[in-house]
Amino acid sequence: MIDLDAAAIYRQEAGELLDSLEGSLLDLGQTPADRTLVDQAFRALHTIKGSGAMFGFDQVAAFTHDFETAFDLVRRGTVPVTQDLVSLALAAKDHIRSLIETPDEADATVGRTILANLQILVARPGSIAEPPVEAAIAPDAGSSETAGAGWRMTIAFAPEVLRNGTDPLALLDELRGLGPCTVVALTDSVPDLGALEPQDLHLQWSVTLRGDCPREAIDDVFMFVLDDMKLDLTPLGVEPSGETVAAAAPELVIAESTPLPVASTPATPPEPQKARTADKVEPPRRADDKVSTSVRVQAERLDELMDRVGELVIAQARLSQLAHTRNDGGIQAIAEEIERLASGLRDTTMGIRMVPIGSLFARFRRLIHDLSRDLGKPVEFVTSGEDTELDKTMIERLADPLVHLIRNAIDHGIENPERRAKAGKPPVGRIELLAQHVGAQVMVTVRDDGGGLDTTRIRAKAEEQGLIVPGTTLSDAEVHQFLFHPGFSTAQTVSALSGRGVGMDVVKRTIEALRGSIDVSTELGHGSAMSLRLPLTLAIIEGLLIRVGDSRYIVPLSMIEECVELPADQARGRNFLNIRGGLVPFLRLRDLFDAPGEPDAHQKIIITSVGDARVGLVADQIIGSHQTVIKSLSKLQSDATMFSGATILGDGSAALILDVAQLVAIGQLKAETETMTRAA
Amino acid sequence: MTDVQANDGSMQVLMIGLGDEIFAVEASIVREIIDPVPVTRVAGAKPFLPAVMNVRGNVIPLADLRIRFGMPCTADGGDTRIVVIELTINDDPVVVGIIADKVYEVTELSKSSAQPTPRVGLRWKPEYIRFIAKWNDEFIIVPDMERILN
């Protein structure tokens, strides 16, 4: 069943590399002088090219190669990093992605245009006589790229590389192909015979490579082991640091083949040299170094595992129930042991499915970059809480709602620079995307420092659309809820991005389908914040098991505030209660479910909170709390909207999970029709 | 789906009894046949999909075709079984349990004996019927499960 399709693996890896490339490029847009970012981007490109060629993605390899060649000038520092360049590089990245994912549909002319534009971009600064600002660091970079005389390097592999199938000798042979080499084995770290682990590699090598060869050629040799090794490279002739020669022009470095050590730092102030030494101390590592011990697993397998574990938990619950009724200590002990194992396994499995939300946040940087450019509103994007973990399905489904919220924030929230200037705000707008744990929930907030929501205007619009009767007293929060009404938009002009009044209702629906809620907070003139509260996982919830008639149901515990007994005198008649002075309406679940038989003598009310409102649900009996493994209902029964899903109880029968928000809505509708029929 | 004659001629079917009628369900969509299990009523669902049940750790709907066909519902008897079938509806796989008053046998129906569905003389809507085939001198209805359930 293991998918060993090399092309598929390449696609997946390249996808991740492209994501990291995008991240580096966007960072680069903000800090154009950051050399490590250029290097990161370059490494990603290089790997995409290398493995692309290996797996037969020739188009990808060809395009990436051309792009890399041009981008190399940036890396050498001959060409400064500009916003145009970053935008173009992003376009190129998109093109590479389409070449990989849909090679047949990718348009070659797009690629040619990008390359042509890139040529123009990289050619222009060269024609300008005075070196651009970034060039200060540049020649230094040049020197670390090419050394006319050759290189001295120390090669230290991680001890376990042999077990991974790496053959150091073959790599050394390959290195020898680049030019005449002197290889010295370093035996310093070889332990005593007693402590020697025969499968570990303890040898290190010091290699002197003579001849004109670019650094990339060396990196290419070690391309597949770079993660598992330390490679210290020094251009030959650098050591005698005293003989710094001032050369006429940086171009000389490339042409000159005689040992010209720091010749490449001609018109450069001394600082960059320090920078380079610092560079050398740090071995060339990949940005994604830290993930070296992870295993790639297909998402479907995790889903399958979760299903199995869910079944196990259910079967275990049945076993425990059975063991309780038997007076057999042995069986009870085993049942308890299995209970412990099953719950441990369940927690671990759920943990595996948890993904840091940062992977999602990274996607929005591009969105904001593009939107801010298109709308002419400079925006600073700040994220925090990237390592907050959420179930992976949740993260996938959160993407669309967050896109909507962020678009709205930029399009409607952030004012244009002139307006901001008038309001005395900094010209650059600010969008914050925050994630944090709040109790057993995760709160994701999109906050902008724009104009804020105009509550009076929303109200006026709601009256205009006939959603409220003019003069009704409503709290601000209630007014803001109209934003989530289908077809509601206060935007005077409809832009390509937002203002059509579709979107916010979809956002709300999606979030509610995830059993979450949206809070709006705003301050006129100072911005607004949309907070999404979400459960940690979709797979399992804590529930309260109740009985209505002869059926059992689950109420999500997160929705419940308290449980009280229905006073006998209120068993009939008015459908509201006095809970510590507050008026709480209630719904009789027996009526909603058409339960047969007579209600129990002592009915219970479960007080739930739906948004700001509290609503009681009348049940016959409260059985107890229940770890609920959620099973979705078949789409054939999608018209049963009162239920959000089902679960399996200890005795093996199915119980339905109440969708409290829907129940309340249906209850209201029912009440309204009843009043109307009575009136009629 | 409707062009049944085009295939090589015979199909494996499971014979199930509903009321006094015998239907044939293609064996290829039948996943298993189980004894009746406790079911949970679903308020607000379609009348012919009145409940859900636990089948091997999955909650699946129970379909009562007798309601769909307007046949009288009898109480579960000793022969009552649930036939779990798997279909594709709007490109999504759907698993449903069907109540059968009795399950007879798996047999082969000759498609060449298939008769066009008459527009009259039937208790149910013609669109619910894929075709009618002859088996042991009896006319057997092969229902169109996708349409019936959707």
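None of the values given here were measured: they were computed from a predicted structure. (Residues numbered from 1 in each chain as written. Chains lettered and ligands numbered in written order. Predicted model: local features only at pLDDT ≥ 70, side-chain atom pairs only at ≥ 80, totals over all residues. Heavy atoms only, no water.)

Trainee: Tell me about the nonpolar core, and please be specific about residues and values.
Mentor: All names here are of chain A. Formed by 44 residues in total, the largest nonpolar core has its most connected members in Ile357, Leu398, Leu402, Leu433, Val444 and Leu532. With nine residues, helix 14 (residues 392–413) is the largest single contributor of residues to this core. With sequence-adjacent residues up to four places away left out, Leu433 is seen in contact with Phe361, Phe364, Phe381, Val382, Thr383, Ser384, Leu402, Ile406, Val444, Thr445 and Val446. (Core = buried A, V, L, I, M, F, W, Y, C linked by side-chain atoms within 4.5 Å. Buried < 20%, exposed > 50% of the residue type's maximum accessible area, 1.4 Å probe, protein only. Helix = DSSP H or I, 4+ residues; strand = E, 2+ residues; numbered from the N terminus. Contact = heavy atoms within 4.5 Å.)

Trainee: Kindly report on the UniProt feature "modified residue: Phosphohistidine" (unreviewed entry) in chain A, identifying the contributing residues and their values.
Mentor: Residue and element names in this part refer to chain A. As annotated in UniProt, the feature "modified residue: Phosphohistidine" (unreviewed entry) corresponds to His46 in the numbering used here. Looking at where His46 falls in the secondary structure, it is placed in helix 2 (residues 35–54). Among residues more than four places away in sequence, those in contact with His46 are Glu68, Asp220 and Met223. (UniProt positions renumbered as here; feature names shortened; annotations may be inferred.)

Trainee: Describe the interface of chain A and chain B, listing the residues and the values that go with them.
Mentor: A common way to report how large an interface is uses the accessible area buried once the components associate. Between chain A and chain B, the contact holds 26 residues from the first and 24 residues from the second. Between chain A and chain B, a total of about 2000 Å² is buried, with carbon and sulfur atoms accounting for 58% of that surface. Considering only the surface of chain A that becomes buried against chain B, A:Lys635, A:Leu636 and A:Gln637 emerge as the three largest contributors, covering 34% of it. At the boundary of chain A and chain B, one finds two salt bridges. (Buried area = accessible area lost by both parts, 1.4 Å probe. Salt bridge = Lys/Arg side-chain N within 4 Å of Asp/Glu carboxyl O.)

Trainee: A description of the sheet that holds strand 17 (residues 576–579) of chain A should follow, citing residues and the corresponding values.
Mentor: Residues and elements named next belong to chain A. With mixed pairing, five strands are arranged side by side in an open sheet as 16-19-20-18-17. The open sheet terminates on both sides in strands that have one partner only, identified here as strand 16 (560–565) and strand 17. On average, each strand axis in the sheet is inclined to that of its neighbour by 35°, with strand direction left out of account. Bridging between strand 16 and strand 19 (residues 604–610) involves five bridges; their strand directions are antiparallel. Paired with Glu562 across the strands is Ile607, a residue of strand 19. (Pairing = 2+ DSSP bridges. Axes fitted to C-alpha atoms, helices over the stretch in contact; angles between N-to-C directions.)

Trainee: Can you lay out the environment of A:Leu483 for me, pointing to particular residues and giving the numbers?
Mentor: All names here are of chain A. Here Leu483 lies in the loop between helix 17 (476–480) and helix 18 (504–513). Counting along the chain gives 21 residues from Leu483 to Met504, while the straight-line C-alpha distance between them is 6.6 Å. Every residue in contact with Leu483, bar those within four places of it in the chain, is listed here: Leu453, Ile458, Phe488, Met504 and Met530.

Trainee: Residue-level account of the side chain of A:Arg353, with values.
Mentor: Residue and element names in this part refer to chain A. Here Arg353 is to be found in helix 12 (residues 329–353). You can call Arg353 buried: its relative accessible area is 5%. Leaving out residues up to four positions away in the same chain, Arg353 has contacts with Leu302, Asp303, Met306, Leu390, Asp391, Lys392 and Thr393.

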